[in-house]
Amino acid sequence: MMQRVNKNVVLAVLTAASTLFLLFQLYYYRYYISGKNGAAFSRLKGSLSVQDGTRWRVVKTFLNLVSNHKVPVFLVDPHMLGLLSKDIEQLRSSPDSLLPGCQYFCKARDVTTFGLLDKIWEHKGSIFRAAEKLGFQWQKYEGRDPRLEGMDDLSGTEIPLHYLFKMAAHTIHLVVFYERSGNYLWHGPLRLKRNMDRKFAPFRKLQFGRYAGAYSSSDLVHMTVDGLKLKIPRDPLQFLSAVSHSRFLECRYKEARSFFKLYPEDTSLEGIEFRKKAKALLHLAASTLHSLGVTFWISSGTCLGNTIPLPTVLYKSVRIIISSYFIFSF
């Protein structure tokens, strides 16, 4: 009987000790470990689900990574910019006056999208090695460089178009933008090659990459959101408006070369002067309508139906008019 009592007592003591040790671990993690993640994360304690906090931490880890390697990314995520645009003035003037906690980057989503200007970034492998050490899985997606399509010996050159970084079921999509003749930014489509993992990321949920896109150059501003320092377009609403009609159709170079073999381009002084004036007129019309906020697009005419490559300076895809007359709406 005494031996059984002793066993029960020992069992009770061990159970109580285990419970106290577990409570101590939870207390220690809550007030010490999580506090090391910074003041911004401290505001999130007790208000986030595990998944909500994970999204914020993945974005924070990515931003720290690119900052340490001097990769100047900027936010282009339509969902996030839509949320930020509602409080843009308050975020710029007095961000501390907003409600405490994670108001934006903890919102439910599977992907957060950033942009990168190719001309101000050197493709250094060190950032990818560092990303792997932090726990990221990543993939690079390349495509042919359209800027070299007119050069037979370079037309097959491939360039990086998209990068995906994945951690804890959240994906960071990095879109590479290139400057093209005509002072606009271009990004290519995201196409999976045969040997690539089609389950690596939620590709159907990516908001960039279904097709190539073209955008006007935009000023960027620094901002602190949910304790994260990042860059966003100066006018998020204008950028969001451009996203909806940014689809870019590349010139048909093969047909163009065939056309010019049959009908050589007019290289006379009169022909050159005529094209110069035509481009200047179209530039003036497009910039004037754009400054007035007038939506305009291609409509009928010889230029629209022509298979020869249109001047790349007239890039605005659906928005720009390259026709015998303009159609517009207010």
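Residues numbered from 1 in each chain as written. Predicted model: local features only at pLDDT ≥ 70, side-chain atom pairs only at ≥ 80, totals over all residues. Heavy atoms only, no water.

K.L.:
Got a minute to help me understand the overall build of the protein in this structure?
P.N.:
Summing up its helical and strand segments, the protein has 10 helices and 11 strands in all. For the protein, the residues scored as buried account for 38% of the 330 residues in total. Intrachain contacts of the protein at a sequence separation of at least 6 include 68% that bridge at least 24 residues. (Helix = DSSP H or I, 4+ residues; strand = E, 2+ residues; numbered from the N terminus. Buried < 20%, exposed > 50% of the residue type's maximum accessible area, 1.4 Å probe, protein only. Contact = heavy atoms within 4.5 Å.)

K.L.:
Explain unusual backbone geometry to me, please; I cannot follow it from the model alone.
P.N.:
Only a minority of non-glycine residues have a phi that is not negative, and only a minority of peptide bonds are not trans. One non-glycine residue, A168, lies in positive phi territory at about 50°. Take A168: its relative accessible area is 46%, and that puts it in the partly exposed class.

K.L.:
Teacher, can you tell me more about the side chain of R180 here?
P.N.:
With respect to the helices, strands and loops of the structure, R180 is situated in strand 5 (residues 170-180). Among the polar contacts listed, one links the side chain of R180 to the side chain of E250, at a separation of 2.9 Å. (Polar contact = N/O pair within 3.5 Å; in protein donor to acceptor, adjacent residues only side chain to side chain.)

K.L.:
I'm lost on the pattern of salt bridges in this one. Help?
P.N.:
When the charged atoms of two side chains lie near each other, side chains of opposite charge can form a pair. Applying the stated criterion to the full structure yields eight salt bridges. Ionic pairing is found between K205 and D110, a salt bridge with its closest N-O pair at 2.5 Å. Separated by 95 residues along the polypeptide, K205 in the loop between strand 6 (184-187) and strand 7 (213-216) and D110 in the loop between helix 5 (88-93) and strand 2 (111-117) bring together distant segments of the chain. Judged by its relative accessible area of 30%, D110 is partly exposed. Two residues, E265 and R275, come together in a salt bridge whose shortest N-O distance is 3.3 Å. Separated by 10 residues along the polypeptide, E265 in the loop between helix 8 (253-262) and helix 9 (269-291) and R275 in helix 9 bring together distant segments of the chain. (Salt bridge = Lys/Arg side-chain N within 4 Å of Asp/Glu carboxyl O.)

K.L.:
Mind showing me how you'd approach the nonpolar core here?
P.N.:
Across soluble globular proteins, nonpolar side chains have a tendency to be buried as a group. The biggest cluster of nonpolar side chains holds 60 residues, and the ones touching the most others in it are F105, F114, F165 and I232. With seven residues, helix 3 (residues 50-68) is the largest single contributor of residues to this core. Grouped together as the second largest cluster of nonpolar side chains are eight residues, V111, L190, F203 and L206 included. (Core = buried A, V, L, I, M, F, W, Y, C linked by side-chain atoms within 4.5 Å.)

K.L.:
I would appreciate a short explanation of the environment of M80 in the present structure.
P.N.:
Checked against the element boundaries, M80 lands in helix 4 (residues 78-86). The exposure class of M80 is buried, given its relative accessible area of 0%. In the structure, M80 is positioned 24 residues away from Y104 in sequence and 7.0 Å away in space, judged by C-alpha atoms. Residues within four places of M80 in sequence aside, it is in contact with L75, Y104, F105 and R109.

K.L.:
Help me understand the packing of aromatic side chains, please; the structure alone is not making it clear to me.
P.N.:
One pair of aromatic rings is described through two measures. These are the centre distance and the angle between the planes. Enumeration over the complete set of coordinates arrives at 15 aromatic pairs. With a centroid separation of 6.0 Å and 80° between ring planes, the pair formed by F136 and F165 is classed as edge-to-face. With F136 in the loop between helix 6 (126-134) and strand 3 (137-144) and F165 in strand 4 (residues 158-167), this residue pair connects regions lying 29 residues apart in the sequence. Taking relative accessible area as the criterion, F165 reaches 2% and is therefore assigned buried. Ring centres of F177 and Y215 lie 6.0 Å apart, and the angle between their planes is 75°; on these two criteria the pair is classed as edge-to-face. Of this pair, F177 sits in strand 5 while Y215 is found in strand 7, placing the two residues 38 residues apart along the sequence. Each of the two residues, F177 as well as Y215, counts as buried. (Phe/Tyr/Trp six-rings, centres within 6.5 Å; stacked < 30°, edge-to-face > 60°.)

K.L.:
I'm lost on the packing of helix 4 against helix 7 (residues 236-244) in this one. Help?
P.N.:
Between two packed helices, what matters for the description is the angle formed by their axes and the separation of those axes. Interhelical geometry of helix 4 versus helix 7 gives an angle of 145° and a closest axis separation of 9 Å. Where helix 4 crosses over helix 7, the two elements pack in a sense that is left-handed. Between helix 4 and helix 7, the residues in contact are P78, L81, G82 and S85 and P236, L237, F239, L240 and V243, respectively. Its residues assigned to classes, the contact of helix 4 with helix 7 shows seven nonpolar, two polar and no charged. (Axes fitted to C-alpha atoms, helices over the stretch in contact; angles between N-to-C directions. Left-handed = near helix turned anticlockwise from the far one by under 90°. Nonpolar A, V, L, I, M, F, W, Y, C, P; charged D, E, K, R; others polar.)

K.L.:
Could you clarify how one ought to interpret helix 7 in this entry?
P.N.:
The periodicity of an α-helix, 3.6 residues per turn, causes residues three or four positions apart to be oriented the same way. Every buried residue belonging to helix 7 is among P236, F239, L240, A242 and V243, and all of these are buried. Viewed end-on, helix 7 has its buried residues packed into an arc of 160°, placing them on one side of the element. Exposed side of helix 7, more than 90 degrees from the buried face: L237 and S244 are the residues found there. (Arc of directions from axis to C-beta.)

K.L.:
For this particular structure, what's the right way to read helix 9?
P.N.:
Here helix 9 is 23 residues long and its end C-alpha atoms lie 33 Å apart, about the 33 Å a rise of 1.5 Å per residue gives. Residues of helix 9 that are buried: G271, L282, A285, A286 and L289. Buried-residue contacts for helix 9 involve strand 10 (295-297). Remark: G293 follows helix 9 within two positions and exhibits a positive phi of approximately 75°. (Expected span 1.5 Å × (residues − 1).)

K.L.:
Honestly, the environment of M167 in this entry has me stumped. Any pointers?
P.N.:
Inspection of the secondary structure puts M167 in strand 4. For M167, a relative accessible area of 16% translates into the label buried. Taking C-alpha positions, M167 is 9.6 Å from V59, a pair spaced 108 residues apart along the chain. Apart from residues no more than four positions distant in its own chain, M167 is found in contact with V58, T61, L134, G135 and F136.

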